[in-house]
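Here is what each chain is made of, one letter per residue.
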Amino acid sequence: MEQVLNYINGTLLPAVGGGWLDDHAPATGAVHAHIADSDERDVELAVQAATKALPAWKALGTQGRSDLIMRVADLMERDLEALAKAESIDNGKPIALARRMDIPRAISNFRFFAGAVLHWNSDAHLMDDVAINYTDRQPVGVAGCISPWNLPLYLFTWKIAPALAAGCCVVAKPSEITPYTAFLLSRLCIEAGLPPGVLNIVHGLGPKVGAAITAHPGVPAISFTGGTRTGAEIARVAAPMFKKLSLELGGKNPVVIFDDCDFEEMLTSVLRSSFTNQGQICLCSSRILVQRGIYERFKQAFVERVKAMRVGDPADPTTDLGAVVSEAHMTKVLGHIALAREEGGTVLCGGERVLLDGPLRNGWYIAPTVIEGLGPECRTNQDEIFGPVVTLQPFTDDAEALALANSTSYGLASVLWTSNVKRAHRMARDLHSGIVWVNCWLVRDLRTPFGGMKQSGVGREGGHEALRFFTEAKNVCIRL
Ligand code: NDP
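Residues numbered from 1 in each chain as written. Predicted model: local features only at pLDDT ≥ 70, side-chain atom pairs only at ≥ 80, totals over all residues. Heavy atoms only, no water.

Under the counting rule described, the total for this entry stands at 9 aromatic pairs. Through pairs of rings, three or more aromatic residues link up here, namely Phe-112, Phe-113, Trp-158 and Phe-450. If you follow Arg-297 out to its NZ or CZ, it ends over the ring of Phe-263, 3.7 Å from the centre. One Lys or Arg, Arg-423, reaches over the ring of Phe-258 and ends 4.0 Å from the middle of that ring. (Phe/Tyr/Trp six-rings, centres within 6.5 Å; stacked < 30°, edge-to-face > 60°. Lys NZ or Arg CZ within 6 Å of the ring centre and 35° of its normal.)

What follows covers the pattern of salt bridges. Under the criterion given, the structure shown has 20 salt bridges. Between Arg-41 and Asp-39 there is a salt bridge, with its nearest N and O atoms 2.7 Å apart. By relative accessible area, Arg-41 is classed as partly exposed at 42%. Exposure remark for Asp-39: the relative accessible area of 10% places this residue in the buried category. Here Asp-445 and Arg-447 are joined by a salt bridge, their closest N and O atoms 2.6 Å apart. Exposure remark for Asp-445: the relative accessible area of 31% places this residue in the partly exposed category. On the basis of relative accessibility, which here comes to 60%, the residue Arg-447 falls in the exposed class. Within this structure, Asp-260, Asp-398, Arg-423 and Arg-426 form a network of salt bridges that share partners. (Salt bridge = Lys/Arg side-chain N within 4 Å of Asp/Glu carboxyl O. Buried < 20%, exposed > 50% of the residue type's maximum accessible area, 1.4 Å probe, protein only.)

A positive phi is found at Asp-128, a non-glycine position, where the angle reads about 40°. If you trace the backbone, Asp-128 turns up in the loop between β6 (124–127) and β7 (131–139). Non-glycine residue Lys-454 carries a positive phi angle of around 50°. Mapped onto the secondary structure, Lys-454 falls in strand β23 (residues 453–454). (Helix = DSSP H or I, 4+ residues; strand = E, 2+ residues; numbered from the N terminus.)

So this is what it looks like as C-alpha cells:
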C-alpha cells in the first residue's frame, strides 16, 4: 500500500516514531494509503531544516524564488490529471470538480504569488526637507502553515505559495484526513529542485503535529485555516508567544434573494453555492433567505432542481455530489439533520444517507438536503454544519433581510441577489462579512483581501495582504 511520507530537508521520510495512520477513500470507505504518524520530533527536524535553509532562500532574491515556484507550478500542470484523480480519491469530491477547480486553482496560487512578489513595491514617506522614510519588508522567518481537508491542495498552496514567495521557509501540515496531494506536491518540489529545507511537510494528527508547529518557538508566524474551535486553541497557545497569526475559520453564510433578481440565473447559482463539494466549502451558502413575494416559487423550483442532482461515484464525470469526507463527518452532518427535525424543521428533500451499490456500498454519501420552518435562533441556523444541508427562511424587507443575515456569530461570506444597485451597495456595506458577492458566487480575483469577521477569523489572505503577513515591516528613517 502507498505510504504518505514526510518531506523534511528535501527528503521523503517515515515518522521518527515509526507509526502509521490509515488514509481512507470516502467513496468506498476503504483504506487506500498509510500516513506517517508524526509528532513533535518530526516537527523539530522540520523546523531545524527550515531554519538552516532560510539565509540561502532569502539570498536567492525575488526573481530566483519566483523562478523556482513557477517551476513547481509547471510540474503540477503537467501532472494535473494525476493530482485531480488523487484529490478525488482522498476527499470524495467529484473528479470533474477537482479537474475544474481544485488543481487549477492550486497551480494558480503558485503562479500568482510567484508573479505578485516581482511587482510588489515598498512604501516611502517623504518629510519635506527633514527626512525620508522607507518600509523595508523582510521575511518573517520560518512560517507554520496548517490547512483543512475540504479543499486540500487548493488551501495548502494558498498559504505555502505567498510564504515561499515572500522569502520564508515553511513547515506545513495538511489535514491528516486528506494528505495525499500534499505528498505528491513534495515529490514535485524535489523534481523542481527546490533547495532542501525550504518547504517541509509533516503529516499526522492535528493535536500532535499541528500543536507542535503552533507551540514551536522557532516558528514566529502561523497561518491556519480550519474550524473556529481549533483556531481558538491555536490563538491560546500562540498569543502569549507573540506570534503573527492568520486565522481563516468557519462560517454560516447567508444568501439573500430579493424578488427583483434574475430568477433563473440566481437559481442555477444558488444550487452551486449550496452543494458544490457536498457543501464542504467555507464559502458555501447555508442559510437561504428569500423575499416573501417569490418564496413559494423559489422553494418549488429549488427543491425540484435539488432532487434532480446526482449523488454518486466521484470518479464518474457526470456526478454532482460525491462522498462527504469521513464517516465521522457523515455522522455529524446526519446528527445536524436529526436536530433540525427535533427543532421543528420540515425536510423538503434529502435528509438521509445515500447507500450506493457494489464497491461504493460502504461509502459516505448524503442526499442534498433542504429544510424550512425554522427561525434564526435555533441551532440549525446558528451552528456550522459544513455539509450538503441548507435552510430556507422568508423575509419581508431590507431591514429584516439584514437582521437575519447578520444573526449568527460568524461573518465569512454573503451573497446578494438583486437588480437594484443602490440596495446592493447598502446591503453590502451593512453585512457583517469579509466577502460579499452580488449576483454571483465564488468569483475570485487572487489580489483581493480574503477572510472573515467575528468568529470566522482574524486577518486577511490574498494578494499583498498575504505577502504582508509573511514579512515584518521595518521603517528606515534617513535624515536629509
Ligand atoms: P480542523 O480545525 O479540525 O482542522 C484544520 C487543521 O488543523 C487540520 O490540519 C487539523 O489536523 C489541524 N489541527 C487540529 N487540531 C489542531 C491543534 N490543536 N493545533 C494545530 N492544528 C490542529 O478543521 P477541518 O479540517 O475539520 O476543516 C473544516 C473547517 O475549516 C470548517 O469549520 C470550515 O469552515 C473551515 N474552513 C475555513 C475556511 C476559511 O477560509 N475561512 C476555508 C475552508 C475551511 P487533522 O485534520 O490532521 O487533525
